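# Analysis of the macromolecular model
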Amino acid sequence: MGLACVHCGEDCGKHPVMWDDKPFCCHGCKTVYHILNQNGMTQYYKIGKMPGIKVETAEVGDKYAFLDLEEIKSKLLDFSDGGVNKVTFFVPGIHCASCIWLLENLNTLNPGIVHSSVNFPKKEVYITFKDDEISIRQLAELLASIHYIPEITLDKLDKKTDGKSNKTLLIKLGITGFVLMNVMFYNVPEYLPGGEFLGDDFKVFFGWMSLVLSIPIIAYSGNDYFLSAIKGLRHKIVSIDIPIALGMATLFLQSAYEVISGQGIGYLDSLTGLVFFLLIGKWYQGKTYQALSFERDYKSYFPVAVTKIENKKETVIPLEKLKAGDHILVRNMELIPADSIIRKGEGNIDYSFVTGESLPVGKLPGEPIFAGGRQVGSSIELEVSKDVEQSYLTQLWNQKKDPLDSGAHLNDLVNKISQYFTVIILVIASAAGVYWLSHDKSTALFAFTSVLIIACPCALALTVPFTFGSTMRHFGRKGFYLKKTDVVEKLHKVTSIVFDKTGTITHSKSMKIEFIGEDPGNEKFLLIKSLVRHSTHPLSAALFQNLDGDDLFPVENFKEMPSLGISGEINGIRINIGSRKFITGKEDTDKGLKTEVFVFFKDSILGHFQLENSYRDGLKEVIQSLKGKYDLHLLTGDNESEKENLLKLFGTDTQLLFRQSPTDKLEYIKQLKGNGKTVLMIGDGLNDSGALNESDVGISIADDVYHFSPACDAILESGKFRNLHKYLKFTNTSISIVYVSFAISFLYNVFGIYFAVRGMMTPVFAAVLMPISSVSVVAFATFMVSWSARKITNKATA
């Protein structure tokens, strides 16, 4: 063998293409290496040894010229506004960590690319780009130039692709079942008494018929295992498909030798039975996992509501009931739940949640806006043009957070075990085969093949996603919604819990409100209500609910300053509402037990509202349950007015910090993490989004208004706050279930290998047991999570 290609690892042959004293098998591989080298991206080759794919030399030419057509572009783009576009490409060439690293750093190759992320299981790359710097055609050509060739399809749903894949598997299953029945029929004389009296001519005929029928089983039905094994070996990866492919090849070659040499009819019944049960297991596992993924991706919904306007009245409805044609109100900093058209007000849309670009885009009445944008400024009235796509919002939510620290250390452990598992199994199978070869050739073949088939880390690999997936599903049913399964493990590791106060441990629904100062009269109160309507802050919501009047005035130049207050103009009158410092310029020295909200009207201070905070139901029980298990902290932008009440709830061993700005909260979280703490931050997602994002786990409390925070890892329905400690405790149960499932998987492999090595198991029986092991572990994990969840629920209601 000659020199190996630096890019793809293929043999360079007698005449390698040389560049910079490095060998390449072709000019295509050399070009890709040259592009990456020019842009300082040679780390691609350090993540995985020779991770590239062999590049075909065909020129791209005008292959992607059709992407310049406007009607094609509009169908392909997921998002297009303000010069920023978002597109999803299916790239089947994605196969390893190096591929992911390169595709998520495309902005290094072209500055017009804002952001890119990879969905490895689906082989999809999501790219956000500026169309004035790079077109969608140039983007496709860039991917092709580094040989991640996108397969362009105008089918925006994955249903056809999935259907084709399932159809292919079912066809393979049907062919294998047909062959199995016939081969078993040909082998009937071998199973029944008196078969030895069958003439030799019949045995030879049946043997050849079995061999001919088995060829499509190897060449077609089982080809996925061979292709996967070969692809893995090319890239120096020992995959789990290698022992399966080796076992199938051994049975076929030995059987072919015996049939051709006239020594017998071989073991083709075992081969076809093996492939049949492997395909059944593959189909069942796929169906089971798809069912779990479907419920998680499409039936899960954000536990928030949207304000619907009907007959000039505002009503709060669940997000999943929103339909095209509905008119909704979107306040300052609220997320736009579905593609819509502005009907009233001026939009100032921040699309950073969608594109990563934080510069707001101005929108006028009649103009369209996309789901995932966030209104910055006064409220706007929208007409929904598309039904809400919860899967799209889920995807946007999951693209946030640092990809380098998923917290999924159990998955890392499984991956490390799987790397060595296959090599160990190959050694054991070879040793068993060599041992039995000197005793009984038939037993040697069965022992070798059965060890290869029975031992599988699939059950081990499925344990974590199914246990955490079931936990995530049960949490969702109980009002606690996780971004993804990794959050379960991160919650288990939490050592410190930081609470925000306003909107987190307090709520606005039952606040007692009193105005201190000269009576402003109904008209001024109506102007104040018109202004606070545009804010989602808990204190603004409390004032809006308690002030009378429905004929509200339009607000101009609305602004909201975090931790300070809000400002706007109504009929030319300037109104400011907020803290004492914001309105008077003086520090708040009042040590009372009530929160004060001051009002500046036109050219003088009108007075202030006194709001007596109401704590959430079950707060005392939650705090008492968390004490001793976690370090508790409370951060608030308010003054020390409620310090005495809070000390009674939290105790003197809790750190209480007042007058904390959003920046202060962020720095405090950084300080805790710097001291080695694993931090859970619980807030309302308004003034504390930075702290939520910085924490190891961020939980946003959702009331009846739609102020979903992209920075959070989980959303807790406000009515379920009293169960917070139970959710945290249940993550410990989930981890225990994972470890027990690991033990079951380990014992299955030990006992399976024990009987296989002793020659007491046929390859067909091994093929039956292999998927059963995976299904049994999945069933155990799912049942235990469900049973544990019911047990906790029954205790809560007892």
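We now turn to the structure provided with this report. Please read these numbers as outputs of a predicted model, since none were measured by experiment.

### Some words on the overall build of the protein
Along its length, the protein carries 26 helices and 28 strands. Across the 798 residues in the protein, those meeting the buried criterion constitute 50%. The contacts of the protein with a sequence gap of at least 6 include a subset with a gap of at least 24, amounting to 67%. By element, 56% of the accessible surface of the protein is carried by carbon and sulfur atoms, the whole surface being about 36900 Å².

### Overview of the sheet that holds strand β25 (residues 655–657)
The strand order β16-β28-β27-β26-β17-β24-β25 describes an open sheet built from 7 strands, whose pairing is mixed. Lying at the two open borders of the sheet, with one neighbouring strand each, are β16 (480–482) and β25. Each strand axis lies, on average, 20° off the axis of its neighbour in the sheet, ignoring direction. By the bridge criterion, 3 bridges tie strand β24 (residues 631–635) to β25 in an arrangement that is parallel. Counted as the bridge partner of H633 is Q655 from β25. Helix α22 (residues 643–650) rests against β17 (496–500), β24 and β25 of the sheet, and its axis sits at about 155° to β25.

### Some words on unusual backbone geometry
Its identity as a non-glycine residue notwithstanding, N557 has a phi of 55°, on the positive side. Summarising the element assignment, N557 is placed in strand β19 (residues 556–561). Residue classification places N557 among the partly exposed positions, given a relative accessible area of 47%. Not every positive phi belongs to a glycine, and N571 is a case in point at roughly 55°. Take N571: it is sitting in the loop between β20 (565–570) and β21 (573–578). Residue classification places N571 among the exposed residues on the basis of a relative accessible area of 59%.

### Description of the packing of helix α15 (residues 441–454) against helix α25 (residues 724–757)
The interhelical angle for the contact between α15 and α25, taken along N-to-C directions, is 170°, at an axis separation of 8 Å. In terms of their interaxial angle, α15 and α25 are classed as roughly antiparallel. Contacts between α15 and α25 pair A447, S450, V451 and I454 from the former with Y748, N749, G752, I753, A756 and V757 from the latter.

### A look at the side chain of D339
As for its placement among the helices and strands, D339 is situated in the loop between β9 (327–330) and β10 (340–344). A polar contact of 2.8 Å, which involves the side chain of D339, links it to the backbone nitrogen of A371. The contact partners of D339, leaving out residues within four places of it in the chain, are I369, F370, A371, V384, S385 and K386.

### Quick word on the packing of aromatic side chains
Ring pairs (aromatic) are described by centroid distance and by the angle formed between their planes. Applying the stated criterion across every chain yields a total of 13 aromatic pairs. Geometrically, the ring pair formed by F475 and Y727 is edge-to-face, given 5.4 Å between the ring centres and 75° between the ring planes. In this pair, F475 is assigned in helix α16 (residues 458–477) and Y727 in helix α25, connecting sequence segments 252 residues apart. There is no split in this pair, since F475 and Y727 are both buried. With 6.1 Å between their ring centres and 40° between their planes, F525 and F609 make a pair best called tilted. Here the residue F525 occupies a position in helix α18 (residues 522–532), and F609 occupies one in strand β23 (residues 604–615), the gap between them amounting to 84 residues. Take F525 and F609: they sit in the same class, and that class is buried. Ring pairs connect the aromatic residues F475, F480, Y727 and F730, which therefore count as one cluster. One residue, K172, lies across the ring of Y220, its end atom 5.4 Å from the ring centre. The ring of F544 carries K529 above its face, with NZ or CZ at 4.9 Å from the centroid.

### Quick word on helix α21 (residues 619–626)
Those residues of α21 that sit buried are L619, V622, I623 and L626. Along the long axis of α21, the arc covered by the buried residues comes to 95°, so they all point the same way. Contact partners of the buried residues in α21: β17, β23, β24, α22 and α25. One or two residues past the end of α21 sits G628, with phi positive at roughly 85°.

### Describing the packing of α21 against α25
Contact geometry of α21 with α25 gives a least axis separation of 8 Å together with a crossing angle of 35°. Counted together, E621, V622, S625 and L626 of α21 and L724, H725 and L728 of α25 form the full contact between these two elements. In terms of residue class, the contact of α21 with α25 is built from 4 nonpolar, 2 polar and 1 charged.

### Some words on the nonpolar core
Across soluble globular proteins, nonpolar side chains show a tendency to be buried alongside one another. Counting 47 residues, the largest nonpolar core has I244, M248, L271, L278, I425 and I454 as its most contacted members. Considering each element in turn, this core owes the most residues, 8 residues, to helix α10 (residues 241–261). The contacts of L278, once residues within four sequence positions are left out, are Y225, I244, M248 and M770. L482, L619, I623 and A714 belong to the second largest nonpolar core, which has 44 residues in total.

Reading guide: rules and limits
Residues numbered from 1 in each chain as written. Predicted model: local features only at pLDDT ≥ 70, side-chain atom pairs only at ≥ 80, totals over all residues. Heavy atoms only, no water. Helix = DSSP H or I, 4+ residues; strand = E, 2+ residues; numbered from the N terminus. Buried < 20%, exposed > 50% of the residue type's maximum accessible area, 1.4 Å probe, protein only. Contact = heavy atoms within 4.5 Å. Areas by Shrake-Rupley, 256 points an atom, 1.4 Å probe, with all protein chains shown as cover. Pairing = 2+ DSSP bridges. Axes fitted to C-alpha atoms, helices over the stretch in contact; angles between N-to-C directions. Parallel < 35°, antiparallel > 145°, perpendicular 65-115°, else oblique. Polar contact = N/O pair within 3.5 Å; in protein donor to acceptor, adjacent residues only side chain to side chain. Phe/Tyr/Trp six-rings, centres within 6.5 Å; stacked < 30°, edge-to-face > 60°. Lys NZ or Arg CZ within 6 Å of the ring centre and 35° of its normal. Arc of directions from axis to C-beta. Nonpolar A, V, L, I, M, F, W, Y, C, P; charged D, E, K, R; others polar. Core = buried A, V, L, I, M, F, W, Y, C linked by side-chain atoms within 4.5 Å.

The analysis is restricted to geometry; functional conclusions fall outside its scope.
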